[in-house]
Amino acid sequence: MLKFESWDEYNLRLVYHLIQILGLEKTKDVHKLEKIKYALLCIIGETEKFILLYILFVLFSVQWTFLFVFLVLVSTRIFIGGSHRITTLGCFIQSFLSFGVMILIDKFLLVVQFQIWIYMIIFMVIVLFAPVSRQIQFQKSYKIKFKKRAITVIVFWIVVSEVFGQPYENRILIVMMYQSLEIMLITIKRFIGGEKVGKKH
């Protein structure tokens, strides 16, 4: 009888095989080995999700919009933070829905007329709440560093939008709008539910 493996179980088994192939299972530093395993899991999981998302959006003939939106979102999200799912499948579904909604908005709605408000909100969100993470409670010095980097990246995208205009301007604004809404919802959820984050970093 065939045993069904979840996406996460498959990736974990793949990581163990890679560890054996690379000869890293003999590493005496257990903490270092766990960090390597976690890094490999992240790389494999994110690569798989990106490839699947790209294939799906190719089927809808919106792959170039997806790639640009992906680039803008990733470049800001690493400093601002965002919501995450526990499983790889859950994360994939959330990513597909998020990108799908942003691409649909870009196709049917011009948000440029709200650009001043959108940028005001995203900068306010960064100053007040960023970065957000369920795993790490950032120290004040780290928070300031991430805020500065986030603002720098957003200023870069503002310049890009001004130089290249449409359709890039609309897509950049949609990502900023999405990021602002996501961070505000996470913050409200924590405030209402009293959710605690992980250890300090």
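This report concerns the structure included in the present document. Owing to the predicted nature of the structure, the values given are computational and were not obtained by experimental measurement.

**Some thoughts on unusual backbone geometry**
Consideration 1: For the bond from A130 to P131, the omega torsion is -10°, close enough to zero to count as cis.
Consideration 2: One can find P131 in the loop between α5 (115-128) and α6 (140-164).
Consideration 3: Note the cis peptide between Q166 and P167, where omega equals 5°.
Consideration 4: Residue placement: P167 occurs in the loop between α6 and α7 (168-193).
Consideration 5: Even without a glycine there, the phi angle at S61 is positive, about 60°.
Consideration 6: For S61, the location among the structural elements is in the loop between α2 (30-59) and α3 (63-80).
Consideration 7: Its relative accessible area of 61% is what places S61 among the exposed residues.

**Focus: the pattern of salt bridges**
Consideration 1: Per the counting criterion, the structure on display carries 4 salt bridges.
Consideration 2: The partner of K37 in a salt bridge is E34, and the shortest N-O contact between them spans 3.6 Å. Taken together, the residues K37 and E34, both in helix α2 and 3 residues apart, mark about one turn of the helix.
Consideration 3: Classification of K37 by relative accessible area gives buried; the value is 14%.
Consideration 4: Salt-bridge contacts for E46 lead to K49; the nearest nitrogen and oxygen are separated by 2.8 Å. Here E46 pairs with K49, and both are found in helix α2, just 3 residues apart, close to one helical turn.

**With respect to the state of the cysteines**
Consideration 1: A complete count under the given rule lists 0 disulfides for this structure.
Consideration 2: Residue C42 stays outside any disulfide, its sulfur separated by 10.0 Å from that of C91, the closest cysteine.
Consideration 3: Given the relative accessible area of 32%, C42 is considered partly exposed.
Consideration 4: On the basis of relative accessible area, C91 is assigned to the buried category, the value being 16%.

**Focus on the packing of aromatic side chains**
Consideration 1: Under the criterion given, the structure shown has 13 aromatic pairs.
Consideration 2: Measuring from ring centre to ring centre gives 4.9 Å for F50 and F70, while their planes differ by 55°; the resulting arrangement is tilted. Of this pair, F50 sits in helix α2 while F70 sits in helix α3, and the two are 20 residues apart along the sequence.
Consideration 3: Ring geometry for F164 against Y168: centres 6.4 Å apart, planes inclined by 75°, an arrangement best described as edge-to-face.
Consideration 4: Exposure remark for Y168: the relative accessible area of 34% places this residue in the partly exposed category.
Consideration 5: An aromatic cluster is present here, built from F50, F57, F66, F70, F96 and F99 joined pairwise through their rings.

Conventions we followed
Residues numbered from 1 in each chain as written. Predicted model: local features only at pLDDT ≥ 70, side-chain atom pairs only at ≥ 80, totals over all residues. Heavy atoms only, no water. Helix = DSSP H or I, 4+ residues; strand = E, 2+ residues; numbered from the N terminus. Buried < 20%, exposed > 50% of the residue type's maximum accessible area, 1.4 Å probe, protein only. Salt bridge = Lys/Arg side-chain N within 4 Å of Asp/Glu carboxyl O. Disulfide = S-S within 2.5 Å. Phe/Tyr/Trp six-rings, centres within 6.5 Å; stacked < 30°, edge-to-face > 60°.

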